[in-house]
Structure formats: structure tokens, C-alpha cells
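The primary structure of each chain is shown beneath.
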Amino acid sequence: MEPIGFHSILILLGVAVVLVALFRYLRLPQILAYLCAGIVVGPFGMGWIPDLEGTRTLAEFGLVFLMFTVGLEFSLPKLMAMKSVVFGLGGAQVLISCLVFGFVAWLFDVPAEGAVVIGGMLAMSSTAIVMKLLTEQLEQNSRHGRHAISVLLFQDLVVVPFLIVIPALAGDIKQSVWAALGWAFLKSVLVLVGIFLVGRWMLRPFFHEVASARLREYFMLAVLLLTLGSAWVTEAAGLSMALGAFLAGMMLGETEYRHQVEGDILPFRDILLGLFFVTIGMMLDLGAIQELWPWILFSVVLIFVFKTLLILGLGKLFAMETGVALRTGLVLSQVGEFAFALILLANQHQLFCARTSQIVLASIILSMMLAPIVVRYNGRVAKKLVPSYTRARQGNLDVIRAEAGIAGKHVIVCGYGRSGQNLAWMLEQEGINYLALDLDPVRVRDARDAGKPVVYGDAVRRDVLDAAGLHRATALAISFYDVSLALKVLETTRVLRPDMPVIVRTMDDAALEKLKAAGATEVVPESLEGSLMMGSHLLLLMGVPVSRIVRHVRNVRTDRYRMLRGFFHGVDANEGKESAYQERLHSVTLPSGASAVGKLISELHLEEAGVSVSAVRRGGIRGPEPAPETRLTAGDVLVLYGAPEALEQAEKILLEG
């Protein structure tokens, strides 16, 4: 295998970093940035990186980790909970798309084996792009968003049979296709049973021993061994490596180590997936595109129009509103990243010619590049083409207005999850009217059947808040965790009702100041309230008078949780990215030669660095909240509070000046 040169790696990384930053600024998916990087640096672009066997090997490893991730996130209970839409709508969409696209390919002289694979590729939609855009547009819990996610779930699942079929279709031409498929499925069943038996009886005890060693590198090596070992077994059986990786991920996903695996594998997965998409981009021949562009344009138009109309028609059969079915079709009208996995495998087995491969590959990439535009404006297109859909949305606002009219002077509860329901119960006990807004239709339906004043509505939208009676409500409560959504609700509320009390629930204190600045009357950090209640119960069990406990709690809340907001982080293997920038406590001991010895705290100007001194420990005695006039001496221990970078700067000021 010809190695990839060091300069090639530098070029690849440089172009990828620049394009990822550009696409992030344009709010486009990173997949497209990697594809464009491959097109630019590849042998058909600038020619900076030749077509080497080493790059193709990287693509295979990327495919292995792509399927491992799919297996890890595969959830059978979730699949069964949505089985009617997943297997009904999703199954029909994939089957009909495969047949139609495969038939069209066969009409254009593509061999039957290759036509089957092309049909499967074009039936897929992009899980990564659709999920990202739906989440950004707050549509993941909408009706069309849930239907789209259900179809994507089935598409993710149906990739596995194609991983089995493709090597079988490329078998000995003297052997019948049905015999090849039968033998492939028999081998698949034997491999599946073998891997599952090993996984069921040995995987959990094995990883229990690995985890008990408490060595992250050891755990990571075990995960890589399982993934690549399973991939090797399936390849040795004449199947694809990706199938083995999927099975390994699925087995690990059923264990208690799933979240640890997700956290540890993330850096490897992201890098290898990026390289996978880069190598796919390198396969695109720009010269061939100039010659074949009419066919590529025809293919892209056919893909978008047919998939949209197909899901629109199937949606009507599944009793969807026309507007919802159209939006679902628009969201799923592109081709997805799993098509790259299938085309890579098909090219390895030479199931169709280079010309066909270029047309299909270019059509897939172009459809993915157009997908953000189509998904972003799916609502506007539905309103233009389906006037009744606009009336239906207006009808939902009328329902909200009617419910708000019944409530009278009321509290608006944004989010009717567990916290929202507990809050609503307390309001009911005091005879206070409320109206809850939620985006889970099942929860809304069940609550309304029980006689609760709950309606389906997105609290982020201004027209929904207006219909909910924001102009005459007495207060508003935001009971969900999402800070970005809470800030949008606060922005709308402060424009329409600057005087109204608003209480916001958060997970911790990371965004407390930001929410307060945006207009929140009170912010309740759940983790701090939980520790406060736990401490109160402990003090009560220790015999501390109730009056003193109440005073402690009142002082903490009056001081906006400042006493509890700092904590010593330590080295936490499970610490997330977002907490890496969170404010914390840090202790600094002043040796005799420290610059701060003999100076007043006020003279150090630590607040300019974003750090405050929460306590000074001197001679074993801890003095909280020291005065600015406190003069520091050698041996003092200063407890600082601030962000990690600010704490580093403050420590340099204290020690070096």
C-alpha cells in the first residue's frame, strides 16, 4: 500500500479546517465542508493529493466507524414505539423508491445488480443534515419533524441488508443471483448468531473488568478491539466490514457502558468520518461532470420531485394533513450520507461503470448541498402550495386563544414536562389559572383528555405567545432546559410585556447571568436547588433548628446562589465540553516569594481579569468574603472564583505579578 505523504496530510488538514470554519459561519452542515475539501484537494480537483490506496483505506475505516455509531445509537424500544410510522411510512418510502430509481437506472442500461444498489442509495435521506436543520429550526418535535425522524430511523436500519446484498450481488456470475443472495443471508445469520452469542455472554463481563481498571486508554483500546475485530469477522465471512461494526455498536448500545463509549469514541469517530467524507469528495471527477451535467441535473430534479411527491402521497394514505405530508417530503427529498457507504462498497465490487458512478455520486453530493435550502424553507413552500395548511395553523392559534380566554388572568407555563406539570399542580392547589404550551402531541392529547388547560404550541413563536394571552397574563414560567430557546422566549416577552414576572428553570448556573440580563425575574438552577434541599434535610436530621435552616436557604437564594455557584472541579473523566468553560473555584497558596505578598487585595485588580476572591485561609482559619483592604501574607491560601482561563491569569498575577 502506497503511504500518504506528510505534506499531503498537512494540505488535507489545512483545507478541511478552512472549509469547516467557512461552512460553520454559513450555518451549513460539516459533511458538506468535508466533501468540498475532498473535491478541492483530490486528483480531479487541484490534484494536491493523488488517488492512493492509503486514502481508500482511510475511507473504509471511516465507513466502519460510521456504522459503529449507527449501531451504538440504535434503539429497539424507540423503533417499536413508532413502529406504525417507521415500518409503514418508512418501509413504503424505501421500497417504492428502490423500485422506481432502480427501474430508471435499468432503463439507462445499468446492469440489474447495479440498478438495485442505485435504487437503495437514492432511497436514503441524510440523517445528519435533516436532524441538524430540524433542531436549529425547532422543528424536531413538530408533526412533520417526527414523521421525518421516523422515516430516517427505518432508512438507517435498512442500510444493514444492503451491506449484505452488495457483496452477494458481486459474486461469481456463473452462480444465480438468488443462490448468491441465499448463501449471503445464510452466512449473515450464522455470523449474526455467533456475534450475538459472544456479545450476550462475554461482552458485559469483559467490559466490566475493563471498566474496573479505571484506565481510559485501556477502555478505549477495548472498544477499538471489539469494533475492528467484529468488522474483521464479517469481512472474513465474505460480508462487509461495516456490517460487523454495526453489530459491535448495537451490542455495546445495549450495555450500561454505552454513554462512556460514546464519549470516548467521539474524537476518533469525528476525525475518521471527516476523512471518509473527504475521500468520497476525492472520487468526484470534475471533468466528467462538465460532460455529464445534463444527466446529473436531470437526476437531481428527479430525486427531489419524486421523493417529495412520493412522501406526500404516502402521507395522505397515512392520514396526514396535506401541508404536513408536503413538509415531510421536502425535508426528506435529498439523498443521504449512507448512500456514500453503499457507493463505496459498490465501487469496490465494480457493480457499475465509472460513468454511472460519477453521475450518481455527483447527484448525491449536489442534492445534499441543496438540502439546507429546501429544509430551511419547507414551511414557506407548504404555505404557498397548500392554502389549507395555513388555515390549519391559524386554527391551532384559535384553539390557543379560546383556551387562554377561558383561563382569564393566568400564568403561562412554557413546557409541560415533569417540571411543568409539577408547577401546574402547585398553581392548581392555590386556585391560580394557568395555560401550558407544549410540542409533544401525545402529552398534549393525554393532558387535554384529563381536563388540563394544555395546548399544542411553540412558545418561541411570538404569535403563539400572543394567542396564549401574554398581554394579560400575570406571569410566565419557562420549565424546559434549553437556554437558547429560553432566551428567545424572554426576548419576545420583554418586548410585549416588560413588566411581567418571568421565572426560568436551568440545569445549572452556567447561563444564570445571561438569563438575568435577558430579563428573567428569577432563575432556578436545578442542580443548586437540589444540593440546597439535600443540605437542608441533612441539617434537619442533624438536629439543627428549622429556623436556622430556613435562614441559610433564604440567604443563599437572596444572594442569587452565589455561595453555591463555585465548586472545585477536579479531574472528571465524564466532564462535558460545555462545563470546561464553566466558572469554578480554585485555591492558590502564596509562597514567601510571591508577588502578591504584602499587597492589598484591591491592589491586585483581580476583578479586571474576571476573578473574585471568595475566601482567604490564614493559619488554619478560613475567612469568607475578605475585604478589599485585606493585606496578604506568605502562606495565605486564596480561594478564587472564575472561568478556567481567568483563574490561570489570576494565579500568574498572584505569583509572578
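Quick look at the structure, then.

Calculation criteria
Residues numbered from 1 in each chain as written. Predicted model: local features only at pLDDT ≥ 70, side-chain atom pairs only at ≥ 80, totals over all residues. Heavy atoms only, no water. Helix = DSSP H or I, 4+ residues; strand = E, 2+ residues; numbered from the N terminus. Buried < 20%, exposed > 50% of the residue type's maximum accessible area, 1.4 Å probe, protein only. Contact = heavy atoms within 4.5 Å. Pairing = 2+ DSSP bridges. Axes fitted to C-alpha atoms, helices over the stretch in contact; angles between N-to-C directions. Patch = residues over 30% accessible without salt bridge, like charges linked within 9 Å, V, L, I, M, F, W, Y side chains within 5 Å. Areas by Shrake-Rupley, 256 points an atom, 1.4 Å probe, with all protein chains shown as cover. Salt bridge = Lys/Arg side-chain N within 4 Å of Asp/Glu carboxyl O.

Looking now at the environment of Leu 647. Looking at the secondary structure, you find Leu 647 in helix α28 (residues 644-656). On the accessibility criterion, Leu 647 (5% relative accessible area) is buried. Taking the C-alpha atoms as reference points, Leu 647 and Gly 610, 37 residues apart in sequence, are found 8.1 Å from one another. What Leu 647 contacts, discounting residues up to four positions off in sequence, is Arg 584, His 586, Val 611, Leu 640, Tyr 641 and Gly 642.

Moving on: the sheet that holds strand β4 (residues 475-478). The parallel open sheet is built from six strands, whose spatial order is β3-β2-β1-β4-β5-β6. Each edge of the open sheet is held by one strand with a lone partner, namely β3 (454-456) and β6 (522-525). Taking the axes of each pair of neighbouring strands and ignoring which way they run, one obtains an average angle of 20 degrees across the sheet. In the sheet, β4 pairs with strand β5 (residues 502-506) via three bridges, with the strands oriented parallel. Bridge pairing in β5 places Ala 477 opposite Ile 503. Against the sheet, helix α24 (residues 526-541) makes contact with β5 and β6, and its axis sits at roughly 70 degrees relative to β6, the strand it touches most.

On the surface, Leu 366, Met 369, Leu 370, Ile 373, Tyr 377, Val 381 and Leu 385 cluster together to form a nonpolar patch covering roughly 570 Å² of accessible area. Of all the secondary structure elements, the ones that give two or more residues to the nonpolar patch are α16 (354-376) and α17 (378-385). Accessibility expressed as a relative area gives 60% for Leu 385, which makes it exposed.

For the rest of this paragraph, the subject is the side chain of Asn 378. Structurally, Asn 378 can be placed in helix α17. Aside from chain neighbours lying at most four places away, what touches Asn 378 is Gln 137, Glu 139, His 144, Arg 327, Leu 330 and Val 331.

Time to look at unusual backbone geometry. If you check the backbone angles, Ala 319 has positive phi at about 65 degrees while not being a glycine. Residue classification places Ala 319 among the exposed residues on the basis of a relative accessible area of 73%. For His 605, which is not a glycine, the phi torsion comes out positive at approximately 55 degrees. Structurally, the position occupied by His 605 is in the loop between α27 (601-604) and β8 (612-618).

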